[in-house]
Amino acid sequence: MEGRFERIFDGGGLVSRVVYGTVFLVEKWTKEVLFGCHNCGQCLLSYTGYTCTMRCPKGLRNGPCGGTSAAGKCEVYPDRWCVWYLIYTRCKRLHRLDTLRMMHPGVDWSLVGTPSWVNLLTGRDKVAEPFGLGKETR
Amino acid sequence: MKLGELFQNGKFVITVEAGPPKGVDVKQMLEDVELLRDRVDAFNVTDQQSSVMKLGSLAVSHLLKERGVEPIYQLTCRDRNRIALQSDLLSAYVLGIENVLCLTGDYVTLGDHPSAKPVFDLHSVTLLLTLSRLQKGYDLAGQELKGKPEFYVGAVVNPGANPLESQIIKMEKKIEAGAQFFQTQAVYEPEKFAAFMKRVEGFGVPVMVGIIPLKSAGMARFMNRNVAGVHVPDHLIAEMKETKDRAKTSVEIAGRLIREMKGLCQGVHIMALGWERYVPAVLDAAGL
């Protein structure tokens, strides 16, 4: 399975490069417009109520710091919403609070700036694969 | 006795902060430590607290250890990537440091070097995961270590956070990732703390309530405005405002808060912020 997608995206030929570039641009533009995506290349949107965790100044992926104000604003930029406040309220509204219980490893910085759809299909972002509470920590 | 054993034996554990100086003159800090060493179980050695550049927590933890005092080495993710964090943890172990408190760290613009590059390669939870890996004998890249470190591992939680539920989920993640005890942000409302403890007591990890003795009414109002998740109620502010002897009232309030909350938790962590000389009086007032 992985091999097939690697051939498609990393074949090196003109077709591969066009396919890769198209996926890259479509993902980048849609996610930037819709979700304020920061192109980390290992997308967590489906776990965060479609809120990009990379918008947090500290880039927190596993929950809020202790600095969310009573009004839900960020400690670093008091005029902005705390990203984790948004994640919590959105997940609650979507009845998806269980997704907050997933554990995410640190960002793989070698993937930042690459399309997460390609990384997902080729299995390259498996370092960023979340795992639930209760399972053995890696 | 080791920190973990103290909790196991049911002792109400007392820790205070030892703030490294800005510079290399450690005389005052060590004097404060000497003053308190027989009254407390361990000293948290802060790591560039509030993002203000100071002498390092690793070096100071080592200095305390040399003097037979138990340090809790605080390690933040603000200034080091995962290579440096792992290396510092290994260094701490070979220097004989047995307790580590894993934190994300304040953001750089809140400190005295706002133009510094914020690192945050890992965060509290992923730092705890990394530490657990090291203790199993492997680094984050999966390479085997020559000899594995062993620590008693702490983390922090803010009982006043909004919303509390996501803070508690994160606390569960920290436990899952390897945290063995918790220290909290400063608490001034025992009722709220009781409600918090009710939700987390099933987790089975010791929690130490955080206490910052109030220095003045102005300090209390400043914290209410600027420190998220900390709320000093009006009656305490009024007490501080009306008093003629601020230190005495501060000690009374801190002692009272500890007395009211010590039945709810397993220890107290006092952050005296320069008022270390009053800590013995606070402990007396608290009946500890």
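Above this text is the structure in question.
Here we summarise the structure given alongside this text. Fair warning: this is a prediction, and the values are worked out from it, not measured in the lab.

Regarding the nonpolar core
Residue and element names in this part refer to chain B. The biggest cluster of nonpolar side chains holds 82 residues, and the ones touching the most others in it are Phe43, Leu64, Tyr188, Phe193, Leu214 and Ile270. In terms of residue count, the dominant contributor to this core is helix 10 (residues 246-261) (seven residues). Ignoring anything within four residues of it in the chain, the contact list for Leu64 reads Ala18, Leu30, Val33, Phe43, Val45, Val69 and Pro71. In this structure, Leu6, Ile72, Leu101 and Tyr152 belong to the second largest nonpolar core, which totals eleven residues.

Digging into the interface of chain B and chain A
Across the boundary between the two partners, chain B contributes 29 residues, which contact 37 residues of chain A. In total, chain B and chain A occlude about 2800 Å² of area from one another, counting both sides; carbon and sulfur atoms represent 56% of this. Contact with chain A buries area across many residues of chain B, yet Asn162(B), Lys173(B) and Glu176(B) alone supply 22% of it, more than any other trio. Between Arg101(A) and Glu172(B) there is a salt bridge, with the nearest N and O atoms lying 2.7 Å from each other. Along the contact surface separating chain B from chain A lie 15 residue pairs in polar contact (both at pLDDT 80 or more). For the side of chain B that touches chain A, the elements supplying multiple residues, two or more each, are helix 5 (124-135) and helix 6 (164-177) of chain B. Counting residues per element, the side of chain B that touches chain A draws most heavily on helix 6 of chain B, at nine residues.

Considering the pattern of salt bridges
A side chain with one charge can pair with a side chain of the opposite charge if their charged atoms come near. Counted by the stated rule, this structure contains 20 salt bridges over all chains. Where Asp10(A) meets Arg124(A), a salt bridge forms, and the shortest distance between an N and an O atom there is 2.3 Å. Here Asp10(A) is found in helix 1 (residues 2-10), whereas its partner Arg124(A) is found in the segment after helix 4 (116-121), with 114 residues between them in sequence. The exposure class assigned to Arg124(A) is partly exposed, which follows from its relative accessible area of 32%. With a closest N to O distance of 3.0 Å, Asp41(B) and Lys11(B) form a salt bridge. Here Lys11(B) lies in the loop between helix 1 (3-8) and strand 1 (13-18) and Asp41(B) lies in the loop between helix 2 (27-36) and strand 2 (42-45), a separation of 30 residues in the sequence. For Lys11(B), a relative accessible area of 35% puts it in the partly exposed group. Within this structure, Lys2(B), Lys65(B), Glu70(B) and Glu98(B) form a network of salt bridges that share partners.

Digging into the packing of aromatic side chains
The description of an aromatic ring pair uses the distance of the two centres, along with the angle that the planes make with each other. Applying the stated rule across the entire model yields ten aromatic pairs over all chains. Between Phe5(A) and Phe9(A), the ring centres sit 6.5 Å apart and the planes meet at 15°, which makes this aromatic pair stacked. Here Phe5(A) and its partner Phe9(A) are both found in helix 1, four residues apart, which amounts to about one turn of the helix. In terms of burial, Phe5(A) and Phe9(A) fall into one category: buried. Ring centres of Trp275(B) and Tyr278(B) lie 4.9 Å apart, and the angle between their planes is 65°; this geometry places the pair in the edge-to-face category. Under the relative-accessibility criterion, Tyr278(B) is labelled partly exposed at 24%. One aromatic cluster is present, formed by Phe7(B), Tyr152(B) and Phe181(B) through successive ring pairs. A cation over a ring is seen here: Arg4(A) above Phe5(A), with NZ or CZ 5.2 Å from the ring centre.

Examining the sheet that holds strand 5 (residues 152-157) of chain B
All names here are of chain B. One closed barrel accounts for eight strands, arranged 1-2-3-4-5-6-7-8; its pairing is parallel. Neighbour to neighbour, the strand axes of the sheet diverge by 25° on average, direction disregarded. Pairing geometry for strand 3 (residues 71-76) and strand 4 (residues 99-103), over five bridges, is parallel. Across the sheet, Ile72 pairs through a bridge with Asn99, a residue of strand 4. Set on the sheet, helix 3 (residues 57-66) makes contact with strand 1, strand 2 and strand 3; between it and strand 3 the angle comes to about 175°. Lying over the sheet, helix 4 (residues 82-94) contacts strand 3 and strand 4, oriented at roughly 170° with respect to strand 3.

Conventions and cut-offs
Residues numbered from 1 in each chain as written. Chains lettered and ligands numbered in written order. Predicted model: local features only at pLDDT ≥ 70, side-chain atom pairs only at ≥ 80, totals over all residues. Heavy atoms only, no water. Core = buried A, V, L, I, M, F, W, Y, C linked by side-chain atoms within 4.5 Å. Buried < 20%, exposed > 50% of the residue type's maximum accessible area, 1.4 Å probe, protein only. Helix = DSSP H or I, 4+ residues; strand = E, 2+ residues; numbered from the N terminus. Contact = heavy atoms within 4.5 Å. Buried area = accessible area lost by both parts, 1.4 Å probe. Salt bridge = Lys/Arg side-chain N within 4 Å of Asp/Glu carboxyl O. Polar contact = N/O pair within 3.5 Å; in protein donor to acceptor, adjacent residues only side chain to side chain. Phe/Tyr/Trp six-rings, centres within 6.5 Å; stacked < 30°, edge-to-face > 60°. Lys NZ or Arg CZ within 6 Å of the ring centre and 35° of its normal. Pairing = 2+ DSSP bridges. Axes fitted to C-alpha atoms, helices over the stretch in contact; angles between N-to-C directions.

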